[in-house]
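Spelled out from the first residue to the last, the chains are:
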Amino acid sequence: MANPVCITVPQNATPPTDCEADYIKHVHYFGENHNNFRFEYRKLERTLLFEYLRRAYTNGSFPNNLMSVSFSAPIVQNGSTNFCVDILKRNIFCERRRYRYLGHSESQSCEKKCYLINASEDDIHDLLARFDNFVKITVVRKRAKRINLLFVGFEHILDLPGDDYIVEPDVKSGFFGTKPRAFTNSCGFMSPEFTIKVRRQLGLSSPEPSAIQVNYQGFQGTLVLKDVHTNAPQVQLRKSMQIFNIPNEEMRQHIPFIGILDFSKPHINGYLDTRLIILLQSRGVSVNYLQTLHKDYTNLLRRILDDPASAQYFLRLKGRDDGNIRSEIDGPTREVLTTIKRNEIEEMIDRSCVLDAERRPVARVRILVPKARVVFGVCDPHGKLEKGQCYFKPTLLDDEAGELSSEEQIVVARYPCYHPGDIQILMLTHEETGYENLKDCLVLPCKGHAFESCGGDPSGSKFFVSWDQQLIPEGTIQPCSYSTKNKGKFRALARVCANVKWLLKRNRDKRNRERKKRCREEMIEHFANFTNDLPQKIEKTYMKLAVTLGPYSKECKQLSKMSYQAANQTVDKDVLSQKLAMFETNESTR
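Basis of the calculations
Along every chain, residues carry numbers that run from 1 in the direction the sequence is written. Only residues with pLDDT of at least 70 get local features here, since the model is predicted, and only at 80 or more are side-chain atom pairs given and counted; chain-wide, interface and lining totals rely on the full set of residues. Excluding hydrogens and water, the side-chain values take into account all heavy atoms of the structure. The helix count covers DSSP runs of H or I at least four residues long, the strand count covers runs of E at least two residues long, and both are numbered beginning at the N terminus. Throughout, exposure labels follow a simple rule: accessible area from a 1.4 Å probe, protein chains only, divided by the maximum for the residue type, with under 20% read as buried, over 50% as exposed, and the rest as partly exposed. Here the Shrake-Rupley method, with its probe set to 1.4 Å, supplies the accessible areas, and only the displayed protein chains count as covering residues. We treat two strands as partners when DSSP finds at least two bridges between them. Where helices are involved, their axes are fitted lines through C-alpha atoms of the stretch in contact, as for all axes, and angles between N-to-C directions lie from 0 to 180°. Contact definition: two residues touch when any of their heavy atoms are within 4.5 Å. Any pair of N or O atoms that falls within 3.5 Å is considered a polar contact. Within protein, one atom must be able to donate a hydrogen and the other to accept it, and sequence-neighbouring residues count only if both atoms are side-chain atoms. Centres within 6.5 Å are what make two rings of Phe, Tyr or Trp a pair, Trp counting through its six-membered ring; a difference in plane orientation under 30 degrees is then read as stacked, over 60 as edge-to-face, and the rest as tilted. Sitting over a ring, as applied to charges here, requires NZ of Lys or CZ of Arg to be within 6 Å of the ring centre and within 35 degrees of the ring normal.

Enquirer: How should the overall build of the chain be read in this particular structure?
Expert: Scanning the chain from terminus to terminus reveals 19 helices and 23 strands. The buried share of the chain, taken over its 590 residues, is 46%. Total accessible area computed for the chain in this model is approximately 30,000 Å², and 48% of it derives from carbon and sulfur atoms.

Enquirer: Even after reading the chapter, I still don't get the sheet that holds strand β16 (residues 257-263), so can you show me in this structure?
Expert: In a beta sheet, neighbouring strands pair by backbone hydrogen bonds and run either parallel or antiparallel. Reading across from one edge, β8-β16-β13-β14-β12-β15-β9 is the order of the 7 strands in this open sheet, with mixed pairing throughout. In this open sheet, the two edge strands, each paired with only one partner strand, are β8 (156-159) and β9 (165-168). Averaged over all pairs of adjacent strands, the angle between strand axes in this sheet comes to 35°, irrespective of strand direction. Note that strand β13 (residues 211-216) and β16 share 4 bridges and pair antiparallel. Within β16, the residue paired with Ile212 across the bridge is Phe263. Where helix α7 (residues 192-202) meets the sheet, it contacts β8, β12 (187-190), β13, β14 (219-225), β15 (235-238) and β16, and its direction lies at approximately 140° from that of β8.

Enquirer: Would you mind going over the side chain of His28 with me for this structure?
Expert: As for its placement among the helices and strands, His28 is situated in strand β2 (residues 23-29). A polar contact is formed between the side chain of His28 and the side chain of Ser70, at a distance of 2.7 Å. Filtering out sequence-adjacent residues up to four positions away, His28 remains in contact with Asn36, Phe37, Arg38, Ser70, Phe71 and Ser72.

Enquirer: How should I be thinking about the pairing of β13 in this particular structure?
Expert: Consecutive side chains of a regular strand alternate in pointing toward one face of the sheet and then the other. With 6 of its 6 residues buried, β13 lies for the most part within the structure. Side-chain alternation along β13 places Ala211, Gln213 and Asn215 on one buried face and Ile212, Val214 and Tyr216 on a second face that is also buried. In this structure, β13 lies alongside β14, joined through 6 bridges in antiparallel fashion. What sits directly across from Asn215, in β14, is Gln220. In this structure, the hairpin formed by β13 and β14 is closed by a connection of 2 residues, where Gln217 is found at a positive phi of approximately 45°.

Enquirer: Can you walk me through the packing of aromatic side chains in this structure?
Expert: Any aromatic ring pair is given by two values, namely how distant the centres are and how the planes are angled relative to each other. Throughout the structure, instances matching the rule amount to 18 aromatic pairs. A network of ring pairs unites the aromatic residues Tyr29, Phe37, Phe71 and Phe83 as a single cluster. We note Lys112 situated over the ring of Phe527; from NZ or CZ to the ring centre the distance is 5.3 Å. Its guanidinium or amino end placed over the ring of Phe376, Lys462 lies 4.9 Å from that ring's centre, counting from NZ or CZ.

Put into structure tokens, the structure is as follows:
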């Protein structure tokens, strides 16, 4: 076995001591040499795994046994993944401790950041096995996605004892020979009393958030407000929310809390990007009107620092207080407007694109729609909505709320949007009893809706919702099916059967040790080799073909499905890359 990489802590590096947060060692490699690194102490995120360690080891020693390591983008872009693998397989020796690879979240895969722990290989395996038997998952990307849930960060937690929640089955529908669709997929309910606790924990003023995205003991999904009986549990989870099952009751008692990942917010404005513009145009929305929206938005940004009326209107769009703006803009208000304008312009830069030869940023299309929001999609807590209906009540000013109340239909699109069928027209339901407090979220019926019927997973997803009647498409169109083919299911079943047979063989203990070791090596290699450039490559090919063949073409429909699969990692990356290469070859011969 090769020697570990030795890291000496600089004399001037000390963790902060005047705060309640935990800090751990962090090493950032910016070159392909073991000596090309920077050392610092960084604040430790709150995650399911780290909260368990914090509560299990009450002497406060666990932060010293953790370390985070990151690798700069140039190392990855140059294809030098061997350096990353070498570091993680060698381990890191620092301050009399030997740190071994532990894991990472999905977002940290993109950032090339992972966690290490001062523990033996067997102890690390046993620690992860307390949450689930991850080794039994033979497909590496699926195993990684499952383990990633342990490292998802959240800023806020609430205690939730076992008797304060129940797990209910999903509402499903399906025909013979087809997989039933869960119209409540990864969406549960929470009581008004629980939302009050959430509001206090988040430090929000009234009203309470209508929907929150949560992480709880292997469950992840969205909870929506629902009136319940006085003695009923505060939280109702769905079976579809369960990513893994913690086998040990004593283990669950160590982590009786629910982590809040996100929550419904007012005034999250909706914007049109290039793909959504193309899809709306293909559905019959006027090009002239889309150009007008673009022109109005850019003109508004130009005028907000000089024209008081434009500044007032823009601040109202953003849900900000317009202060005492009358005939002139005072200094503090100008600073606020300058910051907002700078942020709007920065969002127009495509971070996924490489800068051109002159090092200029690459712009992307981004158009503000005044009558649009981006909100969580949630299932109907009262079961009153019929198929094709929805309930939507964004936070608006009085004059705007009156205008929305007169509308009968709205346009709803997946966010991000992949296919013309991802844009749907829904009938707007007003003044339903029991729905009054459901604000800033899109309530979809439990009796069936297109976004679930097509096989895409809306759990925790956000939707672009607009009541601008000039953005309502012409007619209806069937959504794209994002389900994987049955062939993949049979292959997965065959792998499971093979795995079962393997477990029944002799010398099981020896094979298990070998399997555990190989699993850890696979996770390191998966982390080192992971790149998130495939969705951008598919997008580039899609845009070319959408212009030449149109978004309704067979090629664009296939690429739309591939975009979803790449973004959600539902299909192996190599399989998608091979398919994309075929598209690129065919495109070059046209």
